[in-house]
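Breakdown of the fold
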Amino acid sequence: MGIGTSTRRLHGAALALLLAATSAVAVGAASPAQATPETSLRHIVPAPVKVTPRPGVTYSLTAGARIQTQPGSADARKVGEYAAELLRPATGYRLPVSSGVTPRGVTLLLVGADPKVGQEGYQLDVTPWGVVIRARAAAGLFAGVQTLRQLLPAKIEAKTRQSGPWTVPGGSVLDYPRFGHRGAMLDVARHFFSVDEVKRYIDQIAAYKVNYLHLHLADDQGWRIEIKSWPRLATYGGSVEIGPGEGALYYTQEQYKGLVKYAGSRGITIIPEIDMPGHTNAALASYPELNCDGVAPPLYDGTEVGFSSLCIDKPITYKFVDDVLRELAALTPGPFLHIGGDEAHSTSEPDFKTFMDKVLPLVAKHGKLAMGWHEFVKTNPATSAVPQFWGTETVDADVAAAAARGNKILMSPAVKAYLDMKYDENFPLGQDWAALIEVKDAYDWNPGAYLKDVPESAIRGVEAPLWTETLADSSDLEQMAFPRLPAIAELGWSPQSTHNWDDFSKRLAYQAPRWKAGGVKFYPSTQVNWVK
Ligand code: ACM
């Protein structure tokens, strides 16, 4: 059985004590320079491609500042409005947004950027008169705004008005990502997370230039998305979670559309996952006809894996999958539907292949590309399908063969990128079946050279999954994600030439006052000399 809420609360209290003790140590260790943190172009996470400080030059955002955006571009205007929303609470300034190109205040332009920045990169220049961000697309402006955010004092993250000055160090940044896919995953099936909790996580990951959020929407313990043609999936299959939680633990399609839109406004594409043919007890419990014997199993709130399977030989299985994928595709502006495929221990290998051979064309029929946990490469999916590597070894012949055929691999090695692994054996939250993962472990690997016989050219990017068997609220999620999510985000964004633990840990140290000001819980790893 899963971990009950009351046990978890006790764990939370123990953790609070641990955190208090650890930060007390960090205070003593802090150098005087760190007692008054300044912002610097050298402290940005993820590390930019190129930074050129202009010593002695600063810009101060003042009460009369305006945000100007590229004339004629509604997309630039939206990023300008987002920047204003970000900067208004702590400064208390009006920060009106208007179209314009004068290099005063904050200016977001879609002209004049170095072509090298591509669709997601940007150039940022800080002069005594203002900050100019130039990009070739709105995604680049959005990334530039995240960098500007880290150049303002940490208290910019506060939700209430703070006193200035709001000084930005002078200089310039040229920046663009190493990989086009920088992902996070949230398991909303083992524990359900409300729309507001997911939005909170979206805001937190967007700050580190993550551009995909994979939502694990269905598993043995719960089905979390309304499917109008199979309503009991949500109303019954989504009525429990691990622990004592009960109720309407799912998103209506309207709510889900709102999440997709909100993510989009933060530069993030949502990838919905319905895990199959295993990890399907919630669906099997909701509809007896999906079971080979016609008998629905009970709902499940434990933590075992590998015991459920859709019925491979029944035609209704494929009617069900077709209906679900059709409704999901209609809710998904992004290119991918994730079909799971992991740990199908109750499905024979031939049945697994039969299943995937029928399901992969359904993904294509609904206009989407398939993503799946890497086990599905054994079924030889089209090269447009994206296998997500989650293994614990650095050798996988099937994944290497898929890469050689032309599939682009998304890297989530469980021993490095799984944010639900404990930091150390005493950490009260999380699991340890793959590894204990301290922040240095999460950072110190190269996604482009990790898997034997899988060259960097075959890597699509990285994703940091967060499974929630032991995690029940935002505080739990944050303590697992911070500081490791920024480590994985940096592996996805920053050039390999910037890879250096000592430098990363120093930059990471400056995130702590930002998390504190913004109310983000984090694990104050003793591997980092945190700035107060
Ligand atoms: C997985 O962790 N079963 C993908």
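Since the model is a prediction, treat every value here as computed from it, not as a measurement. (Residues numbered from 1 in each chain as written. Predicted model: local features only at pLDDT ≥ 70, side-chain atom pairs only at ≥ 80, totals over all residues. Heavy atoms only, no water.)

Where helix 3 (residues 74-91) contacts helix 4 (residues 138-151), the axes come no closer than 9 Å and their chain directions differ by 20°. One element, helix 3, and the other, helix 4, form an angle in the roughly parallel class. When you trace helix 3 past helix 4, the crossing you get is right-handed. Of the residues in helix 4, those touching helix 3 at Asp75, Ala76, Val79, Tyr82, Ala83 and Leu86 are Ala138, Leu141, Phe142, Val145, Gln146 and Arg149. The residue inventory of the contact of helix 3 with helix 4, partitioned by class, reads nine nonpolar, one polar and two charged. (Axes fitted to C-alpha atoms, helices over the stretch in contact; angles between N-to-C directions. Helix = DSSP H or I, 4+ residues; strand = E, 2+ residues; numbered from the N terminus. Parallel < 35°, antiparallel > 145°, perpendicular 65-115°, else oblique. Left-handed = near helix turned anticlockwise from the far one by under 90°. Contact = heavy atoms within 4.5 Å. Nonpolar A, V, L, I, M, F, W, Y, C, P; charged D, E, K, R; others polar.)

Right, let's get into helix 15 (residues 484-493). Within helix 15, ten of the ten residues are buried, leaving the element largely enclosed by the surrounding structure. Regarding helix 15, the residues found buried are Arg484, Leu485, Pro486, Ala487, Ile488, Ala489, Glu490, Leu491, Gly492 and Trp493. (Buried < 20%, exposed > 50% of the residue type's maximum accessible area, 1.4 Å probe, protein only.)

Our next topic: the environment of valine 531. Along the chain, valine 531 turns up in the segment after helix 17 (512-518). C-alpha separation for the pair valine 531 and arginine 134, spaced 397 residues apart in sequence, amounts to 31 Å.

It is worth spelling out the confidence of the model for the chain at this point. Per-residue confidence for the chain gives a mean pLDDT of 93; residues scoring 70 or more make up 93%. Of the regions scoring below 50 in pLDDT, residues 1-37 engages in 41 contacts with residues more than four places distant in sequence or in other chains. (pLDDT = per-residue confidence, 0-100.)

Let us look at the pairing of strand 8 (residues 181-187). Of all seven residues that make up strand 8, seven are buried, and the element is covered over most of its length. Going residue by residue along strand 8, you find His181, Gly183, Met185 and Asp187 tucked away on one face and Arg182, Ala184 and Leu186 tucked away on the opposite face as well. Taken together, the six bridges between strand 8 and strand 16 (residues 459-466) define a ladder with parallel strand orientation. Across the sheet, residue arginine 182 finds its bridge partner in strand 16, namely valine 462. Two strands pair when backbone bridges link them, and strand 8 and strand 9 (residues 212-219) are joined in this way by five bridges, in the parallel orientation. (Pairing = 2+ DSSP bridges.)

Turning to the packing of helix 9 (residues 315-330) against helix 10 (residues 349-365), a few remarks are in order. With their axes 10 Å apart at the nearest point, helix 9 and helix 10 run at an angle of 30° to one another. Of the possible angle classes, the one that applies to helix 9 and helix 10 is roughly parallel. In this structure, helix 9 meets helix 10 at a crossing whose hand is right-handed. For the pair helix 9 and helix 10, contact is made by Thr317, Tyr318, Val321, Asp322 and Leu325 and by Phe355, Lys358, Val359, Leu362, Val363 and Lys365, respectively. Grouping the amino acids of the contact of helix 9 with helix 10 by side-chain chemistry returns seven nonpolar, one polar and three charged.

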